[in-house]
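This is what each chain is made of:
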Amino acid sequence: MKISGNVRPPGDKSITHRLLLIGALSQGRCILRHALRSDDSQAMSGALRSLGIEIDDAGSDRVIVNGKGLQGLRKASAALDCGNSGTTARFLLGTLAAYSFESRIVGDRSLSGRPMKRVTDPLTLMGAKFCFERNDGLPVIVKGGRLAALNYGSPVASAQIKSALILAGLAGGVEVAVEEPQRSRDHTERLLAELGQDIQIQPRSVRFRPGAAVPEFAAEVPGDMSAAAFLIAAASLAESGELVLERVGVNPTRTGLVRVLRSMGCQIEIAELGSSLGEPIATLSVKAGELRGVNISRSDVPSLIDEIPMLAVLAARAQGTTRFDGVGELAFKESNRLELLGDNLRRIGVGVDSTDDSLIVHGTDKPLGGRIETGGDHRMAMAFAVLSAMGNSGVEVPDRLSPVVSYPDFFQDLSRITGDA
Ligand code: S3P
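Residues numbered from 1 in each chain as written. Predicted model: local features only at pLDDT ≥ 70, side-chain atom pairs only at ≥ 80, totals over all residues. Heavy atoms only, no water.

**Focus on the site of the ligand**
Stated formally: We call a residue near a molecule or strand whenever a single non-hydrogen atom of that residue lies within 4 Å of it. Think of a polar contact as two N or O atoms within 3.5 Å of one another; within protein, one of them needs to be a possible hydrogen donor and the other a possible acceptor, and neighboring residues in sequence only count if both atoms come from side chains. Secondary structure follows DSSP: runs of H or I at least 4 residues long count as helices, runs of E at least 2 residues long count as strands, and numbering of each begins at the N terminus. Residues are sorted three ways: Asp, Glu, Lys and Arg are charged, Ala, Val, Leu, Ile, Met, Phe, Trp, Tyr, Cys and Pro are nonpolar, and all the rest, Gly among them, are polar.
Residues in contact with the ligand, as listed here, are Ser14, Arg18, Thr87, Ser158, Ala159, Gln160, Arg185, Ile305, Asp306 and Lys333. Between Ser14 and the ligand, the recorded distance is 2.7 Å, taken from a side-chain N or O atom to an oxygen atom. Separating an oxygen atom of the ligand from a backbone N or O atom of Gln160 is a distance of 3.0 Å. Listing elements by their share of the shell around the ligand, those giving two or more residues are helix 1 (13-24) and helix 6 (159-172). Here the residues of the shell around the ligand sort into 2 nonpolar, 4 polar and 4 charged.

Written out as structure tokens, the structure is:
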């Protein structure tokens, strides 16, 4: 198959969440260009509106957030529904830990099964109170107030944990230091540093010191590398052609996929264009090529955590074996990705070995076929849809709905670059 065309991927989901929430805590009118508009970002906007923040997203490429200051949120009259969005739930838990009113946080079935104590345990050390209706998932009621400073060693490399704690420090006006086993994405730190906050960033730790108010800001949201990943993968499976991806975020804590794909034999060029609020933006050109298996180590994982479904699917079409180590966190994503990836790959005829922390995929060039179970997970649906579109029509992906949480135009963009539109 041939690939061609230029695509500007949707705005980065992680950065959109941060700009919406930190915009709400700012001193004024914040303008976001190319913000993601999807079910996940709507979950964040909806929750912030319920907390008294005015957000105008009626314009075609601008979202305006009218910030009310660090202590400007108001008690919501109903539960805050985070839908499928783990980032929304965890960031709200962190922020609302600094407010003395009660908030009830709920989510859909998938989100209700995801762990929240990894965030509420350290927030409890700061003095916030949480009431779980079930073991470790939503719904949860948060009641915060005056917080104590925190110095925390996180057992998992998670930007959601790290950011939730920094947000508690920001809204609560207390010092927060977090250390993590590997470096996770650093969007919160970059943004706060650009906005004049006192935040010191080390390779595996961060220290936030309160003081300054957050000024109003204007920013372009870079294209989402984790959405671009699916189109990059389609290009790397093609027999010929070149794909250009415009204005993509290339923060090094998010570009593990590019590094791994290059080592698998894929040609990817990056031309940097500049940056917006500390986030570098670039044009990416990807050429079709032959793929070979590689080893992905524990230290690579945080920089490509959301790309593992797509990489595992590519590994199925690479020459030789690809080994992923240190991927136990996949069990806690929108689905149990470790288990579901293995099941789906086996189902279509690919050899897979897995443990609770590793995945080994044996590449094959034989015809693949079978029906994919996505468990409602957007990235599972998109990864196998790419495989199906790139010459493996025996692979059926009946779930065409799940991508709305992160990439509503996914199927149109995929059809466009494969000439199937
Ligand atoms: C995110 C961090 C990652 C990622 C998620 C978004 C963020 O989760 O999987 O899709 O925006 O901070 P963890 O930090 O829990 O690994």
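**Some words on the pattern of salt bridges**
For side chains of opposite charge, pairing can occur when their charged atoms come near one another. Selection rule: Every case where a carboxyl oxygen of Asp or Glu lies within 4 Å of a side-chain nitrogen of Lys or Arg is listed as a salt bridge.
As enumerated under the stated definition, the model contains 25 salt bridges in all. Where Arg298 meets Asp357, a salt bridge forms, and the shortest distance between an N and an O atom there is 2.6 Å. Taken together, the positions of Arg298 in the loop between strand 17 (295-296) and helix 10 (308-316) and Asp357 in the loop between strand 19 (351-354) and strand 20 (358-362) put the pair 59 residues apart, joining distant regions of the chain. Each of Arg114, Arg185, Asp306, Glu334, Arg337, Asp377 and Arg379 takes part in salt bridges that share partners, so that together they form one network.

**So, the sheet that holds strand 7 (residues 129-132)**
For clarity, the threshold we go by: In this scheme, strands are said to pair when DSSP sees at least two bridges between them. Here a residue-residue contact requires only that any non-hydrogen atoms of the pair lie within 4.5 Å. Axis definition: a line fit to C-alpha positions, over the contact stretch in the case of helices; interaxial angles, taken between N-to-C directions, run 0 to 180 degrees.
Judged by pairing direction, the sheet is mixed, and its 4 strands sit side by side in the order 5-6-8-7 without closing on themselves. Either end of the sheet is taken by a strand with one partner, and the two such strands are strand 5 (80-81) and strand 7. Two strands pair when backbone bridges link them, and strand 5 and strand 6 (residues 102-106) are joined in this way by 2 bridges, in the parallel orientation. In the strand pairing of strand 6, Asp81 is matched with Val106. With respect to the sheet, helix 3 (residues 86-96) is in contact with strand 5, strand 6, strand 7 and strand 8 (140-143), its orientation differing from that of strand 6 by roughly 170°.

**Describing unusual backbone geometry**
Note that the residue after Leu138, namely Pro139, is joined by a cis bond; omega there is -5°. The residue Pro139 is located in the loop between strand 7 and strand 8 in this model.

**Structural notes on the nonpolar core**
Quick reminder of the rule: Working definition of a nonpolar core: buried Ala, Val, Leu, Ile, Met, Phe, Trp, Tyr and Cys residues. They are joined through side-chain atoms within 4.5 Å. Relative accessible area decides the class of each residue, using a 1.4 Å probe on protein chains only: under 20% of the type maximum gives buried, over 50% gives exposed, and in between gives partly exposed.
Counting 74 residues, the largest nonpolar core has Ile232, Leu245, Leu345, Phe384 and Val386 as the members making the most contacts within it. With 11 residues, helix 8 (residues 225-237) is the largest single contributor of residues to this core. Aside from chain neighbours lying at most four places away, what touches Val386 is Phe230, Ala233, Ala234, Leu237, Met310, Phe410 and Leu414. By size, the runner-up hydrophobic cluster in this structure holds 70 residues, among which are Leu70, Phe132, Tyr152 and Leu277.

**Some thoughts on the pairing of strand 20**
On a regular strand, one side chain projects to one face of the sheet and the next to the other, so that they alternate. When you tally the buried positions in strand 20, you get 4 out of 5 residues, the bulk of the element. Bridging between strand 18 (residues 321-325) and strand 20 involves 5 bridges; their strand directions are antiparallel. Each bridged residue has a counterpart across the sheet, and for Arg323 the counterpart in strand 20 is Ile360. Of the pairings in the sheet, the one linking strand 19 to strand 20 comprises 4 bridges and is antiparallel in character. Paired with Ser354 across the two strands is Leu359, which belongs to strand 20. Hairpin remark: strand 19 followed by strand 20, antiparallel, with 3 residues in the connecting loop.

**As for the domain arrangement of the protein**
Heads up, the condition is: Where each domain begins and ends is defined by an automated method or by a domain database. Take the accessible area each of two parts loses on contact, using a 1.4 Å probe, and add the two losses: that sum is the buried area.
Partitioning the protein into structural domains gives domain 1 (2-8 + 222-418) and domain 2 (13-220). Between domain 1 and domain 2, the C-alpha centre-to-centre distance is 28 Å. The partner domain 2 presents 31 residues to the 29 residues of domain 1 that form the contact. Here domain 1 and domain 2 share an interface that buries about 2700 Å² over both sides, 50% of which is from carbon and sulfur atoms. Sorting the residues of domain 1 by area buried against domain 2 places Leu277, Glu334 and Val405 first, and these three jointly supply 23% of that buried surface. At the boundary of domain 1 and domain 2, one finds 5 salt bridges. Here Glu334 makes a salt bridge to Arg114, at a shortest N to O gap of 4.0 Å. Our enumeration of links across domain 1 and domain 2 arrives at 17 residue pairs in polar contact (both at pLDDT 80 or more).

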